[in-house]
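# Summary of structural features
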Amino acid sequence: MLKLPGLIDPHVHLREPGATHKEDYDSGTSAALAGGITMVLAMPNTRPPIFDAETLDLALTAAKGKARCDYAQFLGAGPNNGDWDKNKGLPQRAAGLKMYLDSTFGELRLDDMTLWMPHFETFPKELPIVAHSESRSMASAILFAAIYDRPVHIAHISLKEEVLLIKAARERGIQVTCEVCPHHLFLTKEVPPPTLRATSPNFAEIGGGLGGGRAEVRPRLATQEDVDSLWANLDVIDCFATDHAPHTVEEKDSDNPPPGFPGLETILPLLLTAVSEKRLSLDALIEKMHTNPKRIFNLPDQPETWVEVDEKAIYEIKAADQFTRCGWTPFEGWKVKGKVRKVVLRGQTAFEDGRILVPAGYGIDIRQEIS
Ligand code: NCD
Ligand code: ZN
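Residues numbered from 1 in each chain as written. Chains lettered and ligands numbered in written order. Predicted model: local features only at pLDDT ≥ 70, side-chain atom pairs only at ≥ 80, totals over all residues. Heavy atoms only, no water.

### Section: the pattern of salt bridges
Taken as a whole and judged by the stated rule, the model has 17 salt bridges. When the shortest N-O distance is used, the salt bridge between Asp26 and Arg68 registers 2.7 Å. Remark: Arg68 occurs in the loop between α2 (53–66) and β4 (70–73) and Asp26 occurs in helix α1 (residues 25–34); sequence separation between them is 42 residues. For Arg68, a relative accessible area of 16% puts it in the buried group. Salt-bridge contacts for Glu225 lead to Lys160; the nearest nitrogen and oxygen are separated by 2.9 Å. Of this pair, Glu225 sits in helix α9 (residues 224–232) while Lys160 sits in helix α5 (residues 160–171); the two residues are 65 residues apart in sequence, bridging distant segments of the chain. (Salt bridge = Lys/Arg side-chain N within 4 Å of Asp/Glu carboxyl O. Helix = DSSP H or I, 4+ residues; strand = E, 2+ residues; numbered from the N terminus. Buried < 20%, exposed > 50% of the residue type's maximum accessible area, 1.4 Å probe, protein only.)

Have a look at this one:
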């Protein structure tokens, strides 16, 4: 048995309020525990989006009754909530600020850079700003970090140009950190696995690349060259995050498929498989799923918390075994090595051999209850 610290996922979509048929605080945090994750930071692109005291309360009330692992909830940057000085104390109750600067799912999107400015000016510097940005909008977000002299965390990088630019920015002292998702490390647009191909209504038409609703994700799957570059520059990548973005299998296979992959239950087995293949060290895994997210997002210790993994167990990933409500996984049928056996969270066995053992409401809001 391998013992890991409680793992942290700084990027999950739990769909509550507004789309609980896809996921809610209960099913999403159960999926987290089953995946060896003891703390999640929830994204604000819900319905309604989370962007002020009233909507934050809505999400936190749901979370308080339902969450099984620990959590914090992000606020979203909108066109009209940029003056955080007017909302003293509100940022401190949130995981941080999420800014949607590029193509995404939901209503929170800031195209005009004049809308970015007040957020960068007034959001407290000790709390993270996370930017959903790609390629040139990522370069803009890094420039904002330099101009306003504050840290920015770039969500889900996927391209060679992104990892290289972050490396260069950091060498010049700009406070930029980043995360990468397993699907951008293990999948390419050129050869999507059968799960993403077989169901694609227009796969042939598109020419075998990004066909079909199941393959839709933002940022899009990239080329083999991009994927190779992420692996080659793992030392530049601060965190592994899932961007767990569950949409039901019916929605994914419909004519208007929303982008997003579930990921909470597959991140650790995929990365442990990479460890067993010596593509990643165990130390780097722990650093990117525990130590670094804790530092970057200013997260507290979870006392008496650990994950027990059978690192020799080989098994097949199956959507049918998962706790997420979405009913599918892009990694269906993949053989992985490394299985979560047991999760202990704040002294209680929260998950053991496929079963969740803590009640809904056991999880705590780490911005309120631990400091
Ligand atoms: C996310 C979702 O579904 O909420 N989808 C995705 O493809 N990553 C939205 C987002 O993070 O852009
Ligand atoms: Zn996301």
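### Regarding the pairing of strand β7 (residues 129–132)
The two faces of β7 match: Ile129 and Ala131 on one face and Val130 and His132 on the other face are all buried. Taken together, the four bridges between strand β6 (residues 97–100) and β7 define a ladder with parallel strand orientation. Opposite Lys98, over in β7, you have Val130 as the bridge partner. Judged from the two bridges that link them, β7 and strand β8 (residues 152–154) form a sheet pairing that is parallel. Within β8, the position partnered with Ala131 by the bridge is Ile154. (Pairing = 2+ DSSP bridges.)

### Notes on the state of the cysteines
Defined simply, a disulfide is a covalent bond joining two cysteines at their sulfur atoms. By the definition in use, this model includes zero disulfides. The closest cysteine sulfur to the non-disulfide-bonded Cys69 is located on Cys326, 16 Å from its own sulfur. Using a relative accessible area of 0% as the deciding quantity, one classes Cys69 as buried. We note that Cys239 lacks a disulfide partner, and the nearest cysteine sulfur, in Cys178, lies 7.8 Å from it. (Disulfide = S-S within 2.5 Å.)

### Some words on α2
Along an α-helix, residues three or four positions apart point the same way, because every turn accommodates 3.6 residues. Here α2 spans 20 Å end to end across 14 residues, near enough to the 20 Å set by a 1.5 Å rise per residue. Along its buried surface, α2 packs onto α1, β4 and β5 (75–76). (Expected span 1.5 Å × (residues − 1). Contact = heavy atoms within 4.5 Å.)

### Quick notes on the coordination of the zinc ion (ligand 2)
For the zinc ion (ligand 2), the full set of protein donor atoms is His11 (NE2), His13 (NE2) and Asp243 (OD), and the range of their distances to it is 2.1 Å. Classification of the site at the zinc ion (ligand 2) as irregular follows from its four donor atoms and the range of 85 to 146° in their angles at the metal. (Donors = N, O, S within 2.8 Å, 3.2 Å for Na, K, Ca; no water. Tetrahedral: all angles 85-135°; square planar, octahedral: opposite > 155°, others 65-115°.)

### A closer look at the confidence of the model for the chain
In this model, the chain carries an average pLDDT of 93, and 94% of its residues clear a pLDDT of 70 or more. Residue range residues 198–210 is modelled with pLDDT below 50. Its contacts to residues more than four positions away, or to other chains, number 23 contacts. (pLDDT = per-residue confidence, 0-100.)

### Section: helix α4 (residues 136–147)
With twelve residues, α4 extends 16 Å between its outermost C-alpha atoms, agreeing within 8% with the 16 Å of an ideal straight helix rising 1.5 Å per residue. Listed in full, the buried residues belonging to α4 are Ser137, Met138, Ala141, Ile142, Phe144 and Ala145. Mapping the buried residues of α4 onto a view down its axis gives an arc of 155°, with all of them on the same face. Facing away from the buried surface of α4 by more than 90 degrees, the exposed residues are Arg136, Leu143 and Ile147. Where α4 is buried, its residues touch α3 (113–122), β7, β8, α5 and β9 (176–180). Within two residues after α4, Asp149 carries a phi angle of roughly 50°, on the positive side. (Arc of directions from axis to C-beta.)

### Let's talk about the sheet that holds strand β1 (residues 2–5)
The antiparallel open sheet is built from five strands, whose spatial order is β1-β11-β12-β13-β14. At either end of the open sheet lies a strand with only one pairing partner, and these are β1 and β14 (355–356). For strand β12 (residues 335–345) and strand β13 (residues 348–352), the ladder comprises four bridges, and the chain directions are antiparallel. The residue bridging Leu345 from the neighbouring strand is Gln348, located in β13. Contacts from helix α11 (residues 267–276) reach β1, β11 (306–316) and β12, with the element oriented near 120° to β12. (Axes fitted to C-alpha atoms, helices over the stretch in contact; angles between N-to-C directions.)

### Some remarks on the layout of surface pockets
The volume enclosed by the largest pocket comes to roughly 340 Å³. Forming the boundary of the largest pocket are 17 residues, of which Ala34, Tyr315, Asp321, Lys339 and Phe351 lie nearest the centre. Taken together, the elements giving at least two residues each to the lining of the largest pocket come down to β11 and β12. Broken down by element, the lining of the largest pocket gets its largest block of residues, three residues, from β12. By residue class, the composition of the lining of the largest pocket is seven nonpolar, three polar and seven charged. Estimated volume of the second largest pocket: approximately 190 Å³. Lining the second largest pocket are 14 residues, with Pro128, Pro151, Thr177, Arg295 and Ile296 sitting closest to its centre. Listed by contribution, the elements that provide at least two residues to the lining of the second largest pocket are β8 and α12 (282–296). (1 Å grid on protein atoms, 1.4 Å probe; cavity = no way out; pocket = protein on both sides within 12 Å on 5 of 7 lines; lining within 4 Å. Points joined across faces, edges and corners; volume = space filled by probe spheres on them. Nonpolar A, V, L, I, M, F, W, Y, C, P; charged D, E, K, R; others polar.)

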